[in-house]
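Residue strings, one per chain:
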Amino acid sequence: MTYKRVKTVMKIYKAFIAVIAAAIIACGCSETETSRKLKVCTSFNAMYDLTRQICGDRAEVKNLVPNGSEPHDWEPSTGAMLYLEKADVLVYNGLGMESFVDKIRASVKNDLIYVEASEGCDILYGYEDDHHHDEEEDEHEHEEEGRHIEDADPHVWLDPYNALIEAENICEALSEADPENEEYYKNNLESFKAKIIQLDLDYKNALADLKSRSIIVSHEAYGYICRAYGLNQSAVEGMSAESEPSPRKVREIYDFIRENNISCIFYEELTGSRTATAISEDLGIALYPISSFEGLTAEQEKQNYDYFDVMRANLESLKTGLKYDN
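Rules of the game
Residues numbered from 1 in each chain as written. Predicted model: local features only at pLDDT ≥ 70, side-chain atom pairs only at ≥ 80, totals over all residues. Heavy atoms only, no water. Phe/Tyr/Trp six-rings, centres within 6.5 Å; stacked < 30°, edge-to-face > 60°. Helix = DSSP H or I, 4+ residues; strand = E, 2+ residues; numbered from the N terminus. Buried < 20%, exposed > 50% of the residue type's maximum accessible area, 1.4 Å probe, protein only. Pairing = 2+ DSSP bridges. Axes fitted to C-alpha atoms, helices over the stretch in contact; angles between N-to-C directions. Parallel < 35°, antiparallel > 145°, perpendicular 65-115°, else oblique. Left-handed = near helix turned anticlockwise from the far one by under 90°. Contact = heavy atoms within 4.5 Å. Nonpolar A, V, L, I, M, F, W, Y, C, P; charged D, E, K, R; others polar. Expected span 1.5 Å × (residues − 1). Polar contact = N/O pair within 3.5 Å; in protein donor to acceptor, adjacent residues only side chain to side chain. Patch = residues over 30% accessible without salt bridge, like charges linked within 9 Å, V, L, I, M, F, W, Y side chains within 5 Å. Areas by Shrake-Rupley, 256 points an atom, 1.4 Å probe, with all protein chains shown as cover. Salt bridge = Lys/Arg side-chain N within 4 Å of Asp/Glu carboxyl O. Lys, Arg positive; Asp, Glu negative; His and termini not counted. Charge placed at Lys NZ, Arg CZ, Asp CG, Glu CD. Core = buried A, V, L, I, M, F, W, Y, C linked by side-chain atoms within 4.5 Å. Right-handed = clockwise from strand over helix to strand, strands pointing away.

Topic: the packing of aromatic side chains
In step 1: Counted according to the given criterion, the structure contains 9 aromatic pairs.
In step 2: Summarising the aromatic geometry, the rings of F293 and Y307 are spaced 5.9 Å apart at their centres and angled 65° between planes, so their arrangement reads as edge-to-face. Remark: Y307 occurs in helix α11 (residues 307-325) and F293 occurs in the loop between β8 (286-290) and α10 (298-302); sequence separation between them is 14 residues. Pair check on accessibility: F293 and Y307 agree, each one buried.
In step 3: Considering the side-chain rings of Y307 and F308, the 5.3 Å spacing of their centres and the 85° angle between planes classify their relative orientation as edge-to-face. As far as the burial class goes, Y307 and F308 line up, both buried.

Remarks on the sheet that holds strand β1 (residues 38-42)
Strand-to-strand pairing in sheets goes through backbone hydrogen bonds, with the strands running parallel or antiparallel.
In step 1: Across the sheet, 4 strands lie side by side as β2-β1-β3-β4; this open sheet has parallel pairing. Two strands in the sheet have a free side with no partner beyond their single neighbour: β2 (59-63) and β4 (113-116). Adjacent strand axes in the sheet meet at a mean angle of 20° when their direction is disregarded.
In step 2: Relative to β4, strand β3 (residues 89-92) runs parallel, the two being bridged by 4 bridges. Bridge assignment links Y92 to a residue of β4, and that residue is E116.

A closer look at the packing of helix α8 (residues 247-259) against helix α9 (residues 274-283)
When two helices pack together, their arrangement is given by the angle between the helix axes and the distance between those axes.
In step 1: Axis separation between α8 and α9 bottoms out at 12 Å; the angle between their running directions is 40°. Considered as vectors, α8 and α9 are oriented oblique to each other. As for how α8 packs across α9, the hand of that crossing is right-handed. Contact with α8, carried on its side by V250, I253, Y254, I257 and R258, involves T275, A278, I279, D282 and L283 of α9 and no other residues of that element.
In step 2: Taken together, the residues of the contact of α8 with α9 break down into 7 nonpolar, 1 polar and 2 charged.

A closer look at helix α5 (residues 160-177)
In step 1: Between its terminal C-alpha atoms α5 stretches 26 Å, which fits the 26 Å expected from 18 residues at 1.5 Å a residue.
In step 2: Taken as a whole, α5 has its buried residues at P160, N162, A163, L164, E166, A167, N169, I170, C171, A173, L174 and S175.
In step 3: In this structure D159 caps α5, since a side-chain oxygen of it lies 3.0 Å from the backbone nitrogen of Y161.

Description of the environment of A286
In step 1: Along the chain, A286 falls in strand β8.
In step 2: Given the relative accessible area of 21%, A286 is considered partly exposed.
In step 3: A sequence separation of 24 residues divides A286 from I262, and the C-alpha atoms of the two residues are 9.6 Å apart.

So, a negative patch on the surface
In step 1: A cluster of acidic residues, E116, E119, E172 and E176, forms a negative patch on the protein surface.
In step 2: Turning to its location among the elements, E116 is positioned in strand β4.

Remarks on the pattern of salt bridges
In step 1: In the structure shown here, the tally under the stated rule is 10 salt bridges.
In step 2: Note that K39 and E60 form a salt bridge whose closest N and O atoms lie 3.2 Å from each other. On the criterion of sequence distance, the pair formed by K39 in strand β1 and E60 in strand β2 is long-range, its members being 21 residues apart.
In step 3: Between D49 and R52 there is a salt bridge; the shortest N-O distance is 3.0 Å. With D49 and R52 both in helix α2 (residues 45-55), this residue pair falls 3 residues apart, about one helical turn.
In step 4: The class for D49 is buried, based on a relative accessible area of 1%.

A word on the nonpolar core
In step 1: Counting residues in each nonpolar core, the largest one holds 79 residues, and the members touching the most others are W157 and Y307.
In step 2: Counting residues per element, this core draws most heavily on helix α6 (residues 182-207), at 8 residues.
In step 3: If we skip the residues at most four places from it in the chain, Y307 touches D49, L50, Q53, W157, L158, D159, P160, A163, I196, L199 and F293.

A look at the environment of V89
In step 1: Structurally, V89 can be placed in strand β3.
In step 2: Using a relative accessible area of 0% as the deciding quantity, one classes V89 as buried.
In step 3: Considered as a pair, V89 and A177 are 88 residues apart in the sequence and their alpha carbons are 7.5 Å apart.
In step 4: Residues contacting V89, with those up to four places away along its chain left out, are K39, V40, C41, L112, I113, V115 and A177.

Description of the pairing of β3
In step 1: Of the two faces of β3, both are covered, the one formed by V89 and V91 as well as the one formed by L90 and Y92.
In step 2: Pairing of β1 with β3 involves 3 bridges; the strand directions are parallel. Counted as the bridge partner of V40 is V89 from β3.
In step 3: For the segment spanning β3, helix α4 (residues 101-107) and β4, crossover handedness is right-handed.

Printed below as a string of structure tokens:
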């Protein structure tokens, strides 16, 4: 074979290799682009579950606050911050529930979409507690009526229709970040809405004819359930499940139980309550579990409980406890 012919063959071979390489690279890029799922971070369990119900299998959802940890006091680790740098969306409740969001905003420099899920919800302000706050105005002051975010009850998702508003906000953000799957997210939202309507109806039917409408809870987190279904909440502890009641508050609870012939206390299922247990044993009244859905028990996690499972379990406890009161 002449040198000229060898040179021609080599040119053809190199061109062939270049075409194959370009095809492989193009194929690889296509797979990366089409297989990459939306990366969504959520602040704690309630936000994680609502997001998961809307995004289905079209997004990778990572929960930041470990199950059983207190969202109010949690601080993001270095690993969490690095993950957030690669994320597309961060879903959080707001209303002072997650103080760490300000730190994320200051540190994470990507185009992260922030979703304050509680925006548009009907908020409860003020609660009976030994909580005191700084009288000076600060950046958290609510513009309407001079209210402070720190005075808000953040557990909005415990009213089913507030949970729906949060799901709508999540759906809107997912659709913005991933417009190709917008119809899929909206279909999931419609399914979620149908379940909410049924859940609300079940609560109304089950709690409509109670004679006693006063509940003693260990953790002051159930104001939204009470407002939605005509119940009255008195809490042994404050808005935080880890707060300790003052002696005066404990005396008031004892007096309230005796004066109103209360026969049970609803205790926080995830964290328990030493004070509620002590009152129960001292007065010989029953204890029933209730959950604020900030986290799941080990058994609930094992069974993959979602929002509707927990809310129906709460309803069963309320029905049993309040019927027993009667």
